[in-house]
Amino acid sequence: DFLGQFQQILEQQQQSRQLLEQQQQSNRAAQTARRNNATGASFTRAALSHPFAEGGFRWVAKGEYTAGQRTGQACVCKWFKTGHVDEASFFDLDIKAMDKAHDIVKEWNS
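In this text, all values refer to a predicted model and were calculated from it rather than measured experimentally.

## Some thoughts on the packing of aromatic side chains
For the coordinates displayed, the defined rule picks out zero aromatic pairs. Positioned over the ring face of F80 is R58, at 5.9 Å from the centre of the ring. It is K81 that lies over the ring of W59; its NZ or CZ is 4.8 Å from the centre.

Printed below as a string of structure tokens:
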């Protein structure tokens, strides 16, 4: 009957919407920093000699992706300053901060 067919169509549309929403969430999650699909980058000697920013423990220089899906896009390179930051504990704190940032990005994208 017509009503039964109409209900089937509505159920199929709802399933399609749910599938599309799941795919969109998966796509957003795949765009986080750890999956940026870049496989190479370059930095000029000047950029590395004169970092544009610094934090308490690291320098930051601008560069450009040279390989992968992000070729031509801007990127950054960070490296530790010399001195007391050579201790393993500073590296561990840095990794923890990156992990937390990754969790925040994943939650934002969901």
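## Structural notes on the side chain of K81
Along the chain, K81 falls in the loop between strand 4 (74-80) and helix 3 (88-109). Judged by its relative accessible area of 16%, K81 falls in the buried class. For K81, the side chain forms a polar contact with the side chain of E54, separated by 2.4 Å. Separated by 2.8 Å, the side chain of K81 and the backbone oxygen of G55 make a polar contact.

Parameters and conventions
Residues numbered from 1 in each chain as written. Predicted model: local features only at pLDDT ≥ 70, side-chain atom pairs only at ≥ 80, totals over all residues. Heavy atoms only, no water. Phe/Tyr/Trp six-rings, centres within 6.5 Å; stacked < 30°, edge-to-face > 60°. Lys NZ or Arg CZ within 6 Å of the ring centre and 35° of its normal. Helix = DSSP H or I, 4+ residues; strand = E, 2+ residues; numbered from the N terminus. Buried < 20%, exposed > 50% of the residue type's maximum accessible area, 1.4 Å probe, protein only. Polar contact = N/O pair within 3.5 Å; in protein donor to acceptor, adjacent residues only side chain to side chain.

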